[in-house]
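Chain residues, written in single-letter form:
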Amino acid sequence: MVIASYNSENITSSIYTDLITLLEKGFPIKEYTQVYEDITFRVPVQFVGKDFYKYFPFSRNNKNKLYLTARRIFDIILSCVGILLGTVFLPLILIGNLIGNRGGLFYSQQRVGQNGIPFKIYKFRTMVKNAEQGGAVWATKNDSRITSFGKFLRTSRLDEIPQFINILKGDMSLIGPRPERPYFVEELSQVIPFYETRHIVKPGLTGWAQVKARYGSSIDDSLLKLQYDLYYIKHRSFLLDINIIVKTLSTVIFFRGQ
């Protein structure tokens, strides 16, 4: 296989002739960005230029009514099951919150949803009260604001159970890009190209970026996760959704949450 430069301006007439000759002899030729995407399962937005439209032939499933209807039915069924299972853990969470958190059980926050429309997300509180008195701050993996019980909730992913309410309401889906706060969306969209493209689909409780990348706590981390998000939007399918669900279950079962 021959890998060609992603920048067509670097391909001289002699190289162009050589590429045609190789193609005629049966050698497969792929652009660098195609190879990058095939190997990493990410869309390399950092290499996308003025011909950006070549890199975003989004999945037809984003407009496929059968696919979207089936997903919505699945979301409703799973969110009902999730809420019922959540009631089983509720006594444990209530006791742990009283001892380890000492404050309100629930936590709500504005997030950006599909088409840039904000919504209020619900979670079990995992940080100390008034954790952001000085303004919005990136959450880190070993954030000192996270309580001892909050760390358990995050590792077990139990803190995300209330998000099934968001899924039931239609604010979110089971699978999609992680919903981000308006403050950070505005900040990141100014420095990362195509960042707001992730809002084409509903945000998700889990997603390709969530199972493939570490906890995002910087602009570089956000760029990496965006690449995974765009890959998901570009290749969205039932098969990829199942892959994400299997990886998510593995994370929950083996307590690899963050």
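Here, every reference points to the structure presented above.
Below, the structure is looked at part by part. (Residues numbered from 1 in each chain as written. Predicted model: local features only at pLDDT ≥ 70, side-chain atom pairs only at ≥ 80, totals over all residues. Heavy atoms only, no water.)

Bringing the nonpolar core into the picture now. Formed by 38 residues in total, the largest nonpolar core has its most connected members in W208, L230 and Y232. The dominant element in this core, judged by the number of residues it contributes, is helix α8 (residues 219-235), at 6 residues. Among residues more than four places away in sequence, those in contact with W208 are F41, Y228, Y231, Y232, L240, N243, I244 and K247. (Core = buried A, V, L, I, M, F, W, Y, C linked by side-chain atoms within 4.5 Å. Buried < 20%, exposed > 50% of the residue type's maximum accessible area, 1.4 Å probe, protein only. Helix = DSSP H or I, 4+ residues; strand = E, 2+ residues; numbered from the N terminus. Contact = heavy atoms within 4.5 Å.)

Time to look at the packing of aromatic side chains. This structure, assessed with the given rule, holds 7 aromatic pairs. Between the aromatic rings of F41 and Y231, the centroid separation amounts to 5.9 Å while the plane-to-plane angle is 90 degrees, which identifies the pairing as edge-to-face. Here the residue F41 occupies a position in the loop between α2 (32-40) and α3 (65-101), and Y231 occupies one in helix α8, the gap between them amounting to 190 residues. For the ring pair F149 and F152, a centre distance of 5.8 Å and an interplane angle of 35 degrees mean the geometry is tilted. Within this pair, F149 and its partner F152 are both found in helix α4 (residues 148-156), separated by 3 residues, close to a single helical turn. Taken together, the ring pairs connect F41, W208 and Y231 into an aromatic cluster. (Phe/Tyr/Trp six-rings, centres within 6.5 Å; stacked < 30°, edge-to-face > 60°.)

Here the focus is a nonpolar patch on the surface. On the surface, a nonpolar cluster with roughly 720 Å² of combined accessible area is contributed by I73, I77, V81, L85, V88, F89, L92 and F152. With respect to the secondary-structure elements, V88 resides in helix α3. Taking relative accessible area as the criterion, V88 reaches 58% and is therefore assigned exposed. (Patch = residues over 30% accessible without salt bridge, like charges linked within 9 Å, V, L, I, M, F, W, Y side chains within 5 Å. Areas by Shrake-Rupley, 256 points an atom, 1.4 Å probe, with all protein chains shown as cover. Salt bridge = Lys/Arg side-chain N within 4 Å of Asp/Glu carboxyl O.)

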